[in-house]
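# Coordinates in review
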Amino acid sequence: MRNVLTILLALAAGVLLNAWWSGRPAASPHAAATPAAATSAILPQDVADPDMTVDDGERWPDQAPTPEQVLYAQPRMMRQALAELGPRTPGRPNLYLLTFAGDGGEDVFRNEAEYAARLFTRRFGPGTHSLVLENNPATLSTRPLASWSNLEMALDGLGKVMQPDDILLLYVTSHGSEDHQLLVDMDPLPLDPIGASDLAGILALHPFKWKVVVINACYSGGFLPPLRGPGTMVLTAARSDRSSFGCGSDSDITYFGKAWLVDALNHSDNFADAFTRARNDIAAWEKQDNLTPSEPQIDIGSGIRDQLARWRKGITPGPAIPFEPAAPAAAGSRPTP
């Protein structure tokens, strides 16, 4: 029923978007999204309220497809992204990374999604696969959108190629609200927010025995209760009632992204150990900046620690992967992980 409603909404949105587009003034592809985006690099990640409409229309590049064209290209783009995963490495657990950068109003979330794909595939080598969903003006024609529908389609596709001993790693980065909703925005496209119970429900419909779910957003601790369970490790960037930090137009990567991805996983292939190091680093940075501690959370379900150890036995970590912000994508080009 939701898919039917989504199609009907998309058709209606197409008519409205065409009317909007015809009267749209010319705008620079790098125009600022909102005044809130032009704040300090230590801005809480919930600065954008998921219950409010974020006016990102000025960020829509002139050379990009129209909003309606972007919507209708999504099934094809998802099929292409899934086809590019590469063959599974037999004889041992494989890791499948799915990144979801929800807010198209700030580049910091795209930076994390792109970097995570590079880090995992290059540092941990064969047997590690990545699929990137992101909302960003630079990649409207090169990456599938980070949307509820594409998340379901990605999980459906991964479920068809993954074997029972493989591990899903879902890395979500966006703004979060106090009522535990993730901002999913690429204005003016009609994208639904995703709540904690929504994400748990989506994952419950897919047969992944082994999962690592990382929610990098303010108040992300609220996602932990519905997501926890056997075979699942959940990491969150903050407590259920706390902000996390490091987004905004002046920041290239969030506190949690830098601490867990860049600083910790470049030195360790153990996700739980990397989390401990990241949590300590974040606490030190927040104390130095006089910020209310975000207190990242972790929950380790039965069996997942041992399954991750089996995965590590099959890899030889490569050299550290330096962090660099994602470069603007040329029209028609596809970023390489």
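The structure we're discussing is the one just above.
We now turn to the structure provided with this report. All of these numbers come straight from a predicted model, not from anything done at the bench.

Next up on the list: the overall build of the protein. A count of helical and extended segments in the protein gives nine helices and ten strands. For the protein, buried positions account for 56% of its 337 residues. The contacts in the protein between residues at least 6 apart in sequence include a share of 78% that link residues at least 24 apart. As displayed, the protein offers around 13,800 Å² of accessible surface, 55% of which is attributable to carbon and sulfur atoms.

Right, let's talk about the sheet that holds strand E7 (residues 210-216) for a bit. Read across the sheet, six strands follow the order E3-E2-E4-E7-E8-E10 without closing on themselves; strand pairing throughout is mixed. One side of each edge strand has no neighbouring strand; the edge strands of this open sheet are strand E3 (128-134) and strand E10 (297-300). Pairwise comparison of adjacent strand axes, ignoring direction, gives a mean angle of 10 degrees for this sheet. Against the sheet, helix H3 (residues 107-123) engages strand E2 (95-101), E3, strand E4 (167-173) and E7, with an angle of about 170 degrees to E3. Across the face of the sheet, helix H4 (residues 148-161) comes into contact with E2, E3 and E4 while running at roughly 175 degrees to E2.

Throughout the structure, instances matching the rule amount to twelve salt bridges. The residue Asp166 makes a salt bridge to Arg88 at a minimum N-O spacing of 2.7 Å. Of this pair, Asp166 sits in the loop between H4 and E4 while Arg88 is found in the loop between helix H2 (67-83) and E2, placing the two residues 78 residues apart along the sequence. With a relative accessible area of 2%, Asp166 lands in the buried category. A relative accessible area of 23% places Arg88 in the partly exposed class.

Here we take up the packing of H2 against H4. Angle between the axes and distance between the axes: these two values describe a pair of packed helices. Where H2 contacts H4, the two axes come as close as 10 Å, and the packing angle between them is 35 degrees. In this structure, H2 meets H4 at a crossing whose hand is right-handed. Only Asn150, Met153, Ala154, Gly157 and Leu158 of H4 make contact with H2, whose side of the interface consists of Gln74, Pro75, Met78 and Leu82.

On to the packing of aromatic side chains, then. Going through the model one piece at a time under the given rule, you end up with ten aromatic pairs. With centroids separated by 6.0 Å and ring planes inclined at 75 degrees, the aromatic side chains of Phe120 and Phe271 adopt a geometry described as edge-to-face. Of this pair, Phe120 sits in helix H3 while Phe271 sits in helix H8 (residues 271-288), and the two are 151 residues apart along the sequence. The exposure class assigned to Phe120 is buried, which follows from its relative accessible area of 1%. Arranged with centres 5.6 Å apart and planes meeting at 80 degrees, the rings of Tyr255 and Trp285 form a pair that is edge-to-face. Separated by 30 residues along the polypeptide, Tyr255 in helix H7 (residues 255-264) and Trp285 in helix H8 bring together distant segments of the chain. Overall, the relative accessible area of 12% leaves Tyr255 in the buried class.

How each quantity is defined
Residues numbered from 1 in each chain as written. Predicted model: local features only at pLDDT ≥ 70, side-chain atom pairs only at ≥ 80, totals over all residues. Heavy atoms only, no water. Helix = DSSP H or I, 4+ residues; strand = E, 2+ residues; numbered from the N terminus. Buried < 20%, exposed > 50% of the residue type's maximum accessible area, 1.4 Å probe, protein only. Contact = heavy atoms within 4.5 Å. Areas by Shrake-Rupley, 256 points an atom, 1.4 Å probe, with all protein chains shown as cover. Pairing = 2+ DSSP bridges. Axes fitted to C-alpha atoms, helices over the stretch in contact; angles between N-to-C directions. Salt bridge = Lys/Arg side-chain N within 4 Å of Asp/Glu carboxyl O. Left-handed = near helix turned anticlockwise from the far one by under 90°. Phe/Tyr/Trp six-rings, centres within 6.5 Å; stacked < 30°, edge-to-face > 60°.

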